[in-house]
Amino acid sequence: MSIVSSLLSVTLVAQTLRMAVPYAAAATGGVLSERSGVVNIALEGTMLVGAFGAVTTHVVTGSPWIGLAGGAGAGAAFALLHALVVVYGRVSGIVSGIALNLLAAAGTRFLLRAIYGSSSNSPTVVGFRLPALEGAGGGARLLRVVADPTTLAVVVFAVLAALVVAKTAFGLRLRAAGEAPEVARSSGVHVERTRTAAVVLGGVACAIGGAALAFDQHQFQAGMTGGRGFIALAAVVLSGWRVKRAAGFCLVFALLDAVQIVLQNETRLPVQALSSLPYVATLLTLLVLLRRGGSGMSAPRGLDRHAD
Amino acid sequence: MSAGGAATSGGGALLDRTRGVAFGLAAGLVAFDLMVLGYGASPAFMARLLFEGTWGTSYGVGQVLFKATPLVVVAVAVDCALRTRLFNVGAEGQLAVASLVAGVVGARLGAAPAIVGVPLTVTAAAAAGGLWAAGPALMRVRLKAHEVITTILMNKLADGVVGFALASGAAMEGTVRTASIGRGARIPRLDALGMPFFQGSAVSLAVLVGALLLGAIPFVYRRTAWGREVVLVGQNERACAREGVPVGARMIQSFVASGAVVGLASGATVLGYKGYFEEGLGAGVGFAGLGVALLGRGSAVGIGLAALLFATLQQGGLAINAHVPKEAMDVLQAVIIVAVALGDGRLRTLLASRAEVPS
């Protein structure tokens, strides 16, 4: 009985939304980057850098708003590094991504020890407080998640990203660079600059997701993204590189996450099996969609290809 | 750019590689100095501590070899998949599953003589690693699912499976480790084999496995029909298909072989070092080995040197940890991977495009 009521509660909805925010942010970043033709498995590292930047700036200034901006800046700088290395340096996006994920994991640990003298976590931060919405009930929780500036920032960013990609001149250049870089270049698109801009924008999206995660935990913890960037990347692939669909898959992952936490609390099912649930589900979805012919799952044709 | 074409020929490739290494080492040095200075320590003093803690003593040399062993094994494995242009980002998970199997099988083979126990245990581990790689390999070739995505997911799944197995009977009651493996399944340490030079360091006979794998690289890919086909598939898939080379089969085989060789690395960690498997043993080796493979670029000498470099940094990190966080050494590894990739014949593209030279 209590399992059923937990699974059908408003709290579960609130939990799902709360956990979907970082996923959706990183997936938006992934779509932006990869639609422009730049493979980005560095989403994970970019989130981590964003989370660290946000918390550090928040600690220094005492303001979550400046923290959010600081995190976004750190994520943008990190993504710029990926873009320079891949777009101008002609290094494989996968190689750069692997190295940058290592760099983010090690670099944030190094800075954590250098700045705060701890190998595991930063001092706590307040994050965004919504005093009007205090309360322990499911409804209050849901309101707090919905009204949280980081949630709103991610939603606005995702909606804008979808619009920009689909409707604007920049979006057209971005898609052209990702689908047919040679053609784009010969019709006057500066492929390298377009890709760099797309990757940096994507980095901002990832970083906001990282900030949301860190503010939610009220601190930075070493390795706190825990593979969320990779799940987001899987959502990008499953969605066929489309923002709205990717966000939809992120909601499903988040729901699975929320459900497995309820099951952990209320049943004796083994924790490890439950925590693997989102990954198994992702692999199976990938398998099923591809067996059906992978309709709507074709990658941008210029992905990982240069204009010359 | 005609220079770009020339760079792919023999002499140019060597030049590219030399430049890559020089660029990588220079960037590594700059990053090292910046981090050490930023921490308020002296780069010269830290460099001395780093050297003394690694190549400066016989214990340090042994420790470097000990840390290089699993890196070499994993890098040879990743390199095998790279021959058919597949990225085995799943080494981390393959190693975890293989190490668990090594621990469980090794514990059952307590009474067997070493001539039976070690090969059986290592074979079981390799089989587990290969099996864990088979899913992504099949999905890549049959369904075109990108192996980077699937192996990353398999890594996370491996964490769950290993944890689940340990919690439901594979581990000793109340712990996250398997029972100790039997004497017949242990790979002895060098200092126990009458090599007092390595006294106290954890380097084991498994270092020979790493050396043998390195030695096998030129043989397998130049002298065996299978190895040559694998290389050709990586160079020109379409031509191979026209010539009747089973492209899909070679891709799957190189990837599964990669997973199996990753499994062999448990020889260095479970059989040669701990003597049991515990949660987290070997964590990070998969990704570091991937970096070593990328630096080594398909050459046995390159992989060997890159593994020694990474092992030196890891061991050296412990030597300077009292003054500068050892995480600085992990940062260096990442910086070196990027810098070598950039310097390897690609930097001129960066300079050319900045000058807006049409190519």
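Everything numeric here is computed off the predicted structure, so don't read it as measured data. (Residues numbered from 1 in each chain as written. Chains lettered and ligands numbered in written order. Predicted model: local features only at pLDDT ≥ 70, side-chain atom pairs only at ≥ 80, totals over all residues.)

## Details of the overall build of chain B
Let me state the cut-off plainly: The helix count covers DSSP runs of H or I at least four residues long, the strand count covers runs of E at least two residues long, and both are numbered beginning at the N terminus. When we talk radius of gyration, it's over C-alpha atoms, and the globule rule is simply 2.2 Å times the number of residues to the 0.38. Burial in this document is a count-based property: other C-beta atoms within 10 Å of a residue's C-beta are tallied, and the residue is buried at 20 or more, exposed at 12 or fewer, or partly exposed in between, with C-beta positions derived from the backbone. A pair of residues counts as a contact when their C-beta atoms, built from backbone coordinates, are separated by no more than 7 Å.
Scanning chain B for helices and strands turns up 16 helices and zero strands. For 359 residues, the compact-globule estimate of 2.2 N^0.38 gives 21 Å, and chain B sits close to it at 21 Å. Based on the C-alpha atoms only, the size of chain B along its principal axes is roughly 70 × 60 × 35 Å. Here chain B holds 359 residues, and the buried ones make up 56% of them. Restricting the contact set of chain B to residue pairs at least 6 apart, pairs at least 24 apart contribute 76%.

## Some points on the overall build of chain A
The number of helices and strands found in chain A is 14 helices and zero strands. Going residue by residue from the N terminus, the α and β elements of chain A occur as α-α-α-α-α-α-α-α-α-α-α-α-α-α. In terms of C-alpha radius of gyration, chain A reaches 19 Å, essentially the compact-globule figure of 19 Å for 308 residues. Looking at chain A as a whole, 56% of its 308 residues are labelled buried. Look at the contacts in chain A between residues 6 or more apart in sequence, and 76% of them connect residues 24 or more apart.

## Side note on the environment of R301 of chain A
Looking at the element boundaries, R301 of chain A is found in the segment after α14 (277–291). The spacing of R301 of chain A and R35 of chain A is 266 residues in sequence and 9.2 Å in space, taken between C-alpha atoms.

## Concerning the domain arrangement of chain B
Residue and element names in this part refer to chain B. Applicable threshold: Where each domain begins and ends follows an automated or database-derived domain assignment.
As assigned here, chain B comprises domain 1 (1–41 + 324–359) and domain 2 (58–322). In this structure, domain 1 and domain 2 have C-alpha centres spaced 28 Å apart. Counting residues at the interface gives nine residues for domain 1 and 13 residues for domain 2. Looking at the side of domain 1 that touches domain 2 element by element, the count peaks at five residues for helix α15 (residues 327–343).

## Observations regarding the environment of L7 of chain A
All names here are of chain A. In this structure, L7 sits in helix α1 (residues 2–7). Taking the C-alpha atoms as reference, L7 lies 9.9 Å from Q260; in sequence the two are 253 residues apart. L7 has contacts with L12, V259 and V262, leaving out every residue within four places of it along the chain.

## Describing the packing of helix α5 (residues 91–108) of chain B against helix α12 (residues 266–274) of chain B
All names here are of chain B. What counts, and what does not: Lines fitted to C-alpha atoms define the axes, with helix axes restricted to the stretch in contact, and inter-axis angles between N-to-C directions lie between 0 and 180 degrees. Oblique is the label for any angle not covered by the other classes, which are roughly parallel (under 35 degrees), roughly antiparallel (over 145) and roughly perpendicular (65 to 115). Handedness of a crossing follows from how the near helix is turned relative to the far one, being left-handed for an anticlockwise turn of less than a right angle and right-handed for a clockwise one. Charged means Asp, Glu, Lys or Arg here, nonpolar means Ala, Val, Leu, Ile, Met, Phe, Trp, Tyr, Cys or Pro, and polar covers whatever is left, Gly included.
Direction vectors running N to C along α5 and α12 enclose 30°, while the axes themselves pass 9 Å from each other. Between α5 and α12, the interaxial angle falls into the category roughly parallel. Regarding α5 and α12, the two cross each other, and that crossing is right-handed. Across from L95, A98, S99, A102, G103 and G106 in α5, the residues of α12 making contact are S266, T269, V270 and L271. Classifying every residue of the contact of α5 with α12 gives five nonpolar, five polar and no charged.

## Observations concerning the packing of helix α3 (residues 43–61) of chain A against helix α10 (residues 191–217) of chain A
A pair of packed helices is captured by two measures, namely the crossing angle of their axes and the spacing between those axes. Residues and elements named next belong to chain A. Closest axis-to-axis distance for the α3/α10 pair is 7 Å, and the angle between their directions is 55°. When the interaxial angle is binned, α3 and α10 end up oblique. When you trace α3 past α10, the crossing you get is right-handed. Residue-level contacts link L43, T46, M47, L48, V49, G50, A51, G53, A54 and V55 of α3 to G203, C206, A207, I208, G209, G210, A211, L213, A214 and F215 of α10. Its residues placed into classes, the contact of α3 with α10 shows 14 nonpolar, six polar and no charged.

## Brief notes about the interface of chain A and chain B
Each side of the interface is counted separately: chain A has 39 residues, and chain B has 41 residues. Looking at the side of chain A that touches chain B, the elements that each hand over two or more residues are α4 (64–88), α5 (93–116), α11 (228–238), α13 (271–275) and α14 of chain A. At 13 residues, the largest contribution of residues to the side of chain A that touches chain B is made by α5 of chain A. Of the residues in the side of chain A that touches chain B, the class split is 25 nonpolar, eight polar and six charged.

## Here's the deal with the nonpolar core
The cut-off we apply is this: We call a set of buried Ala, Val, Leu, Ile, Met, Phe, Trp, Tyr and Cys residues a nonpolar core when their C-beta atoms link them within 7 Å.
Ranked by internal contacts, the top residues of the largest apolar core, which has 230 residues, are I208, A235 and C250 of chain A. Looking at this core, you find at least three residues from each of domain 1 (1–41 + 324–359) and domain 2 (58–322) of chain B. Dropping the residues within four chain positions of it, A235 of chain A is found in contact with Y23, A27, A246, F249, C250 and F253 of chain A.

## Details of unusual backbone geometry
If you check the backbone angles, D304 of chain A has positive phi at about 70° while not being a glycine. Residue placement: D304 of chain A occurs in the segment after α14. We note that R85 of chain B has phi near 65°; this positive angle belongs to a residue other than glycine. Within the element layout of this structure, R85 of chain B appears in the loop between α4 (58–83) and α5.

## Digging into α10 of chain A
Convention followed: Given the number of residues in a helix, its expected span is that number minus one, multiplied by 1.5 Å.
When the terminal C-alpha atoms of α10 of chain A are compared, their 39 Å separation across 27 residues agrees well with the 39 Å that a helix rising 1.5 Å per residue should span. H218 of chain A, located one to two residues past α10 of chain A, shows a positive phi value of around 65°.

## Considerations on helix α7 (residues 147–170) of chain B
Taking 1.5 Å of rise per residue, the 24 residues of α7 of chain B would be expected to cover 34 Å, yet its terminal C-alpha atoms sit only 29 Å apart, more than 12% below that figure. Burial analysis of α7 of chain B places 17 of its 24 residues in the buried class, the great majority of the element.

## Re the confidence of the model for chain B
All names here are of chain B. This is how it is decided: The pLDDT value tells you how sure the predictor is about a given residue, anywhere from 0 up to 100.
For chain B, the mean per-residue pLDDT works out to 89, and 92% of the residues sit at or above 70. Model confidence for chain B, summarised as mean pLDDT per element, is weakest for helix α1 (residues 2–6) at 35 and strongest for helix α11 (residues 247–264) at 97. Scored below 50 in pLDDT, residues 1–9 shows seven contacts in the model against residues more than four places distant or in partner chains. For this predicted complex, the interface confidence score (ipTM) comes to 0.90, while the overall pTM stands at 0.91.

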